[in-house]
Amino acid sequence: MPLIIVSGLPTSGKSTRAKQLYDYLAARIAETDPAKYRLHLISDDSLSISRAVYDLSPDTVRLHTRSANSSEKDARAALYGAVKRVLSDKDFVILDGLNYIKGWRYQLHCEAKAVRTPNCILRVACPVDQARQVNEERLQRMNPHPHKETSDDDATEEQTPPGDGSGQPEGAETPAEPYQQSNWDNLVFRYEEPNPMTRWDSPLFAILWDDTEAQTKRTFDCLWDAMAGEGRKSIKPNQSTIQRGRDASGDYLYILERETQDIVKRILEQQVDDGGGEVKIPLTASGKEDLVVNLPSGKKLALPQLQRLRRAFVGLNRGGIGLESVGNMSSDGMREVFVRYLNDAFGKDE
């Protein structure tokens, strides 16, 4: 089941929306099949990660620590480990956090794809000035200012999103921790907005700061249909890499080079004899049908182009990708994957 990555500016109401989504999914799962799915909410608060780990201001950390960014990396490692432990095709996982780095979201996308489960982004859209006011009010509650004209209760009522009215999940025992102002400004500057044109940020669902309960429910309904509905897309693992077995012999690279060279040779010979069309690649195992390479119509493939594709494929697989697999990788398996790789490359060129 899906990995739902909540993203947004700091103090933009992400935890409130994540808690609302958690309650919504819990109700939907109870309606469908409670024994079939599990639901998890992972956040900095659930892992006791302080806001201070994201603070890179020179007044609080040394230059070496700031350049290495070690505290933030440790925090992301803790979040990644928590997600990886529970993510499966039976689990809904909501990751509530800043998730402001596109490379981090891509890493999570790859992890979801590895277990053949979908992922999506839930972006909490909030004006920068609005989020800044929320953080300032939290700082003032922590360090009361004598010249504050507006009471804290009035400011909270005006500046928090619809929901529980506190800018944090219902039932929280302690107020949400603020960011130091320099830390908050730095995180806003570093925020990389999700882009639905990229595969790791798609599909992208957005909730506005002032969305009503009905509008929020419509967004959650769309998210459920896309991630768990009947029309959801099946997730396939990477089709251009080979799963090597534990009993693969030391001749793996030699066999990989030999089989890919043989297929390139057959394609060139077919073009000389027939000028194109389909190229049949025989398999050694008895009873199996020949593989078919579909050459692009009206276009003759030159040796340099075929060798570039072959070298790219070998480069993807020569490093031992998939050594954790227990299956055996035979010559026929190499041929099947390479033929699939070529057909996909030729299809994109048309």
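All values reported here derive from a predicted model rather than from experimental measurement.

### Describing the nonpolar core
Right, on to step 1. L3, I42, Y54, L79, L95 and L108 are the most contacted members of the largest nonpolar core, which totals 30 residues.
Right, on to step 2. For this core, the secondary-structure elements that each account for two or more residues are β1 (3-8), α3 (70-86), β3 (91-96), α4 (102-114), α5 (128-142) and α7 (181-190).
Right, on to step 3. Apart from the residues lying within four places of it in its own chain, the contact partners of L95 are L3, I4, I5, V6, I42, L79, V83, W104 and L108.
Right, on to step 4. Counting residues in hydrophobic clusters, the runner-up holds 25 residues, among them I267, L309, F338 and Y341.

### Details of the confidence of the model for the protein chain
Right, on to step 1. Per-residue confidence for the protein chain gives a mean pLDDT of 81, with 78% of residues at or over 70.
Right, on to step 2. Overall, residues 148-160 carries pLDDT values under 50, and its contacts beyond four positions in sequence, including any with other chains, amount to 18 contacts.
Right, on to step 3. Of the regions scoring below 50 in pLDDT, residues 321-328 engages in 22 contacts with residues more than four places distant in sequence or in other chains.

### Details of the pattern of salt bridges
It is possible for side chains of opposite charge to pair when their charged atoms get near one another.
Right, on to step 1. Taken as a whole and judged by the stated rule, the model has 17 salt bridges.
Right, on to step 2. The closest approach of N and O atoms between E72 and R76, which form a salt bridge, is 2.8 Å. Taken together, the residues E72 and R76, both in helix α3 and 4 residues apart, mark about one turn of the helix. Taken as a pair, E72 and R76 share a single burial class, namely buried.
Right, on to step 3. Of the charged contacts, one joins D262 and R266 as a salt bridge, the two residues approaching to 2.9 Å between their closest N and O atoms. Of this pair, D262 and R266 both sit in helix α9 (residues 252-273), 4 residues apart, which is roughly one turn of the helix.

### Digging into the environment of L98
Right, on to step 1. Summarising the element assignment, L98 is placed in the loop between β3 and α4.
Right, on to step 2. Given the relative accessible area of 5%, L98 is considered buried.
Right, on to step 3. For the pair L98 and S7, spaced 91 residues apart in sequence, the C-alpha separation works out to 5.4 Å.
Right, on to step 4. The contact partners of L98, leaving out residues within four places of it in the chain, are V6, S7, G8, L9, P10, K14, Y54, Y179, L187 and Y191.

### What about the packing of helix α1 (residues 14-32) against helix α8 (residues 213-228)?
Right, on to step 1. Taken N-terminus to C-terminus, the directions of α1 and α8 make an angle of 55°; their axes are 11 Å apart at the nearest point. For the element pair α1 / α8, the angle class is oblique. Relative to α8, the crossing made by α1 is right-handed. Contacts between α1 and α8 pair R17, Q20, L21, Y24, L25, R28, I29 and T32 from the former with T216, K217, F220, D221 and W224 from the latter.
Right, on to step 2. Residues of the contact of α1 with α8, tallied by class, amount to 6 nonpolar, 3 polar and 4 charged.

Rules used throughout
- Residues numbered from 1 in each chain as written.
- Predicted model: local features only at pLDDT ≥ 70, side-chain atom pairs only at ≥ 80, totals over all residues.
- Heavy atoms only, no water.
- Core = buried A, V, L, I, M, F, W, Y, C linked by side-chain atoms within 4.5 Å.
- Buried < 20%, exposed > 50% of the residue type's maximum accessible area, 1.4 Å probe, protein only.
- Helix = DSSP H or I, 4+ residues; strand = E, 2+ residues; numbered from the N terminus.
- Contact = heavy atoms within 4.5 Å.
- pLDDT = per-residue confidence, 0-100.
- Salt bridge = Lys/Arg side-chain N within 4 Å of Asp/Glu carboxyl O.
- Axes fitted to C-alpha atoms, helices over the stretch in contact; angles between N-to-C directions.
- Parallel < 35°, antiparallel > 145°, perpendicular 65-115°, else oblique.
- Left-handed = near helix turned anticlockwise from the far one by under 90°.
- Nonpolar A, V, L, I, M, F, W, Y, C, P; charged D, E, K, R; others polar.

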